[in-house]
Amino acid sequence: MKKYCIIFLIILTLNGCQTNTNISNNRTDIINKKVDSLLGIMTLDEKIGQMNQYNGFWDVTGPAPKNGDAKFKFNNLKKGLVGSMLNVRGVEEITALQKIAVEETRLGIPLIIGNDVIHGYKTLSPIPLAEAASWDLKEIENSARIAALEASAAGTNWTFAPMVDISRDARWGRVMEGAGEDPFLGSLIAAARVRGFQGDDLSKNHTIAATAKHFAGYGFSESGRDYNTVDVSKNTLYNVILPPFKATLDAGVRTFMNGFNELDGIPVTGSSFLQRDLLKGEWEFDGFVISDWGSIREMIPHGFARDGSHATELAIKAGSDMDMESHLYIKKIKELIEAKKLDIELVDDAVSRILRVKFELGLFDDPYRYLDAEREKEVINHPDNHKAVLEMAKKSIVLLKNENQLLPLNKSDQRIALIGALANDNNSPLGNWRTNSDNKTAVTVLEGMKAYPDNKLIYSKGADVNLNDDGVVKFHEKVKINDSDKSGFNAAKNAAKNADVVVMVLGEDGFQSGEGRSRTDIGIPGVQQELLEEVYKVNKNIVLVLMNGRPLNINWADKNIPSIVEAWQLGTQTGNAVAQVLYGDYNPSGKLPMSFPRGVGQIPIYYNYKNTGRPGPSNTVFWSQYNDQLNTPLYPFGYGLSYTSFEYSNLKIDNKNLTVGNSINVSVDLKNTGNYTGKEVVQLYIKDRFASVTRPVRELKGFEMISLNPGEIKTVNFEISETLLQFYSANEIWESESGFFDIFIGTNSNADLQESFELIK
Ligand code: NOJ
């Protein structure tokens, strides 16, 4: 109990000061004082321990670990040499670990418990890319709030999310984890997620610390191959990659994670430019940086560090504060300090940052505040959480095509053939990055559609997506795609033959996207494409429901199938969300956060490209084009239909001259010209015609979601100020440059209602 007294004394003394001051204004000051006092009584070993994070090793039901790695980690925990753990879950397991940290070590410093809470804890919301398709910042914030609610009730107080990596490459499996290709949308979503996780008081037991990751550039892995080299210009780094990170910082994110990639020849884990100069220097970030899994050690195969000792030295000097599973800090820091290769001040800085976040989480006031078994039972899978993820799921669906208004389906007197293994799959729709949740817990589309009993529904699988045992792919396992077994085709065709409408649910296995899940062929996998074409031969009235964690190549379907619904992987409530959209109880309003290419050869493809010196078109081949394919995507960024239709008109600008400190107003009239109440995301794009560095052909600069009844008209306004026009210029600062700008407003990134104005500085 000795150590308890030391920490308690520090807290008590400083809390005494707190009563005489304005608590909110002085909280940071008080925490900093507590951190300093604690640091002052820590040994070097204890400090190094705080910088050490281990993956879980604890067996809840058994005795303390006895063998190998687990025993080693367990002993270090008892010696106060572990500051954090990841991949430990649930009140029982975490309480056992926290008890050792708090009650058996000299100082009793509590552990911070991190987990990948990426799209929900037990109750899963849609994968992040799908949520981004909602363009609904409030709903996205709420989704992160629900994730924090459940995670915190199960003992987690820190999530390794949001991932804010911009990516233009659908081959990269991790696009499912981000918000797509656009820095403007990506920044707003990044901030919404941080707000959702962290709430307005981190010390509450239902909020958790968030992590902005992966700092920076990971989304630009060459050829979409995970962990591959990244080589981007300063222009792209500042104008495209960094803005969402800055947005999380402004939203108060408490930790950053570096990554596996290099940037300009330097692994980001060892990048002083990124971590020390930019993040902690210029941006004044006072939280801490966690390495990615083993990324400190990976600087050796990168060819940047000689050995483990050198990797440690480089990482700490660069500002990487906590070591996730490289096991290097714990082994090497002490000898580096003794050899005078590392300054103790750098260690003190890292430890102070880690302790600060622990204080902010309230862990020193009560190390067990996230560990209430009753609350855990009450909160996990609460019906309100399911309601919330269902709302999020419906909003994430994007209607890609709807010829002859085949959708919504009639609710009665229809014979519907439901085809595709994914239609009755309760696992794949959960997507990847859901290690805290349970397999096979999604509502299937079949179950969802059964809630509409007045139609005759016939289900026929047609073909499996994967041939893994029991159809379940494990986190580390390769997906064995079914590219041979067509034994179910005939039954499916028979079911389709006599149906009024065929609903086919096809796409990727839930583990075809995510970390280590890059693909070179992004078509509908395995025999499913052939199944689609075979069924089409007997019945053309097909609604194709796609499930996938990335944009797919669906040229054939786009040409032939009358209705296409992009349903991504929508989490626990998938089937209910899809059914409610198919039957028109929810009118889809999602918009693509990533362009859908016409073929892999177009990748990287994105709407905010540069014009080049030869934009064309021209009658010769000598312009920037493909000889065998169009330049344009199949579906552009921002694209998505509704069961109703919208008309844009009357674009007006109140002033053609913009000056610094003032703003101009652009307005447009939006009319619902169809038969359903519906929502439309009105999008504003701006083009900077000429600048000191080349600028994109257009950039998203604003959007608003408008709900309209049939026949209703609303005027939508956007304010444009000089700050909105700033970019990272040839002067290597954020600034605007005077000159002419074009404005485009409309329903997607091809918006063609146009105005222009001049910025006068
Ligand atoms: C590696 C991933 O890159 C990172 O995003 C994740 O948080 C860690 N593993 C921990 O699971």
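Residues numbered from 1 in each chain as written. Predicted model: local features only at pLDDT ≥ 70, side-chain atom pairs only at ≥ 80, totals over all residues. Heavy atoms only, no water.

Concerning the site of the ligand
At step 1: Residues in close proximity to the ligand include L86, D116, F160, R174, K213, H214, M257, F260, D292, W293, M324 and E515, which together make up its full environment.
At step 2: Side-chain polar atom of K213 to an oxygen atom of the ligand: 2.8 Å apart, as the coordinates give it.
At step 3: H214 is positioned such that a nitrogen or oxygen atom in its side chain is 2.7 Å from an oxygen atom of the ligand.
At step 4: With the chains in place, 95% of the 300 Å² that the ligand exposes on its own is no longer accessible.
At step 5: Residue classes in the shell around the ligand are distributed as 6 nonpolar, 1 polar and 5 charged. (Near = heavy atom within 4 Å. Polar contact = N/O pair within 3.5 Å; in protein donor to acceptor, adjacent residues only side chain to side chain. Areas by Shrake-Rupley, 256 points an atom, 1.4 Å probe, with all protein chains shown as cover. Nonpolar A, V, L, I, M, F, W, Y, C, P; charged D, E, K, R; others polar.)

What about the sheet that holds strand β5 (residues 211–213)?
At step 1: Taken together, the 3 strands give an open sheet; going across it, the order is β5-β6-β9, and neighbouring strands pair in parallel fashion. Of all strands in the sheet, those with a lone pairing partner are β5 and β9 (288–290), marking the two edges. With strand direction ignored, the average angle separating the axes of adjacent strands in the sheet is 30°. (Pairing = 2+ DSSP bridges. Helix = DSSP H or I, 4+ residues; strand = E, 2+ residues; numbered from the N terminus. Axes fitted to C-alpha atoms, helices over the stretch in contact; angles between N-to-C directions.)

Some points on the sheet that holds strand β4 (residues 158–159)
At step 1: In spatial order, the strands read β4-β3-β2-β1-β10; together these 5 strands make up an open sheet with parallel pairing. The sheet is open, and its two edges are formed by β4 and β10 (323–324), each paired on a single side.
At step 2: The pairing of strand β2 (residues 84–86) with strand β3 (residues 112–115) spans 3 bridges and is classified as parallel. Paired with S84 across the bridge in β3 is I112.

Quick word on the domain arrangement of the chain
At step 1: Under the domain assignment, the chain is made up of domain 1 (378–602) and domain 2 (646–760).
At step 2: Averaged C-alpha coordinates put domain 1 and domain 2 at centres separated by 35 Å.
At step 3: Taken together, the contact pairs 6 residues of domain 1 with 8 residues of domain 2.
At step 4: Taking both partners together, domain 1 and domain 2 bury about 600 Å²; carbon and sulfur atoms supply 46% of that area.
At step 5: Area buried by domain 1 at its contact with domain 2 is led by N587, S589 and K591, which between them contribute 68% of it.
At step 6: Connecting domain 1 to domain 2 are 1 salt bridge.
At step 7: For E680, the salt bridge goes to K591, with nearest N and O atoms at 3.0 Å.
At step 8: Across the contact surface, domain 1 and domain 2 share 4 residue pairs in polar contact (both at pLDDT 80 or more). (Domains from an automatic or database assignment. Contact = heavy atoms within 4.5 Å. Buried area = accessible area lost by both parts, 1.4 Å probe. Salt bridge = Lys/Arg side-chain N within 4 Å of Asp/Glu carboxyl O.)

Considerations on the pattern of salt bridges
At step 1: Evaluation of the coordinates by the stated rule reveals 43 salt bridges.
At step 2: The closest approach of N and O atoms between D438 and K122, which form a salt bridge, is 3.4 Å. In this pair, D438 sits in the loop between β12 (415–419) and α16 (445–450) while K122 sits in the loop between β3 and α6 (128–132), placing the two residues 316 residues apart along the sequence.
At step 3: Judged by relative accessible area, D438 falls into the partly exposed class, the value being 36%.
At step 4: Assessed through its relative accessible area of 24%, K122 is described here as partly exposed.
At step 5: By sharing partners, the salt bridges in this structure join D116, R174, E177, K213 and E515 into a single network. (Buried < 20%, exposed > 50% of the residue type's maximum accessible area, 1.4 Å probe, protein only.)

Let's talk about the side chain of K591
At step 1: When you line up the elements, K591 lands in the loop between α20 (574–582) and β17 (646–653).
At step 2: A distance of 3.0 Å separates the side chain of K591 from the backbone oxygen of G640, its partner in a polar contact.
At step 3: For K591, the side chain forms a polar contact with the side chain of E680, separated by 3.0 Å.
At step 4: With sequence-adjacent residues up to four places away left out, K591 is seen in contact with A133, W135, V398, G638, Y639, G640, E680, V681, Q683 and T747.

Considering the packing of aromatic side chains
At step 1: Per the counting criterion, the structure on display carries 25 aromatic pairs.
At step 2: Ring plane angle 20° and centroid distance 3.9 Å describe the contact between F359 and F364, whose orientation is recorded as stacked. For the residue pair F359 and F364, the accessibility class agrees, reading buried in each case.
At step 3: Members of the aromatic cluster, joined through ring pairs, are W135, F184, Y607, F637, Y685 and F703.
At step 4: When the ring centre of Y606 is taken as origin, the NZ or CZ atom of R168, which lies over that ring, is 3.6 Å away.
At step 5: The lysine or arginine in question, R695, covers the ring of F727, its NZ or CZ lying 4.1 Å from the ring centre. (Phe/Tyr/Trp six-rings, centres within 6.5 Å; stacked < 30°, edge-to-face > 60°. Lys NZ or Arg CZ within 6 Å of the ring centre and 35° of its normal.)

Observations concerning the environment of K656
At step 1: Residue placement: K656 occurs in the loop between β17 and β18 (657–659).
At step 2: For the pair K656 and S756, spaced 100 residues apart in the sequence, the C-alpha separation amounts to 7.0 Å.
At step 3: Those residues in contact with K656, other than ones at most four positions away along the chain, are E755, S756, F757 and E758.
At step 4: Polar side-chain contacts of K656 include one of 2.8 Å to the side chain of E755.

Focus: unusual backbone geometry
Glycine aside, residues mostly have negative phi angles, and peptide bonds mostly take the trans form.
At step 1: Geometrically, the link from A161 to P162 is a cis peptide bond, its omega value of 5° lying close to zero.
At step 2: Looking at the element boundaries, P162 is found in the loop between β4 and α8 (183–198).
At step 3: Here the amide bond leading from I603 into P604 is cis, since omega sits at 0°, within 30 degrees of zero.
At step 4: Positive phi, normally seen in glycine, also occurs at Y227, with a value near 70°.
At step 5: Mapped onto the secondary structure, Y227 falls in the loop between β5 and α9 (234–250).

Concerning the environment of N555
At step 1: Along the chain, N555 turns up in helix α19 (residues 555–560).
At step 2: Sequence separation between N555 and G599 is 44 residues, and the spatial gap between their C-alpha atoms is 8.0 Å.
At step 3: Discounting chain neighbours no more than four positions away, the residues touching N555 are R598, G599 and L634.

Quick look at the confidence of the model for the chain
Parts of the prediction with low pLDDT should not have their coordinates interpreted in detail.
At step 1: On average, residues of the chain carry a pLDDT of 96, and 96% of them reach 70 or more.
At step 2: The low-confidence segment residues 1–5, where pLDDT is below 50, has 9 contacts with residues more than four positions distant or belonging to other chains.
At step 3: Considering only residues more than four positions removed or in separate chains, one finds that residues 16–21, a stretch of pLDDT under 50, has 4 contacts. (pLDDT = per-residue confidence, 0-100.)

Quick word on the packing of helix α10 (residues 272–282) against helix α11 (residues 308–318)
At step 1: One way to put it is that α10 packs onto α11 with a least axis distance of 8 Å and a crossing angle of 25°. One element, α10, and the other, α11, form an angle in the roughly parallel class. Contacts between α10 and α11 involve S272, Q275 and R276 from the first element and I316, K317 and A318 from the second.
At step 2: Grouping the constituent residues of the contact of α10 with α11 by class yields 2 nonpolar, 2 polar and 2 charged. (Parallel < 35°, antiparallel > 145°, perpendicular 65-115°, else oblique.)

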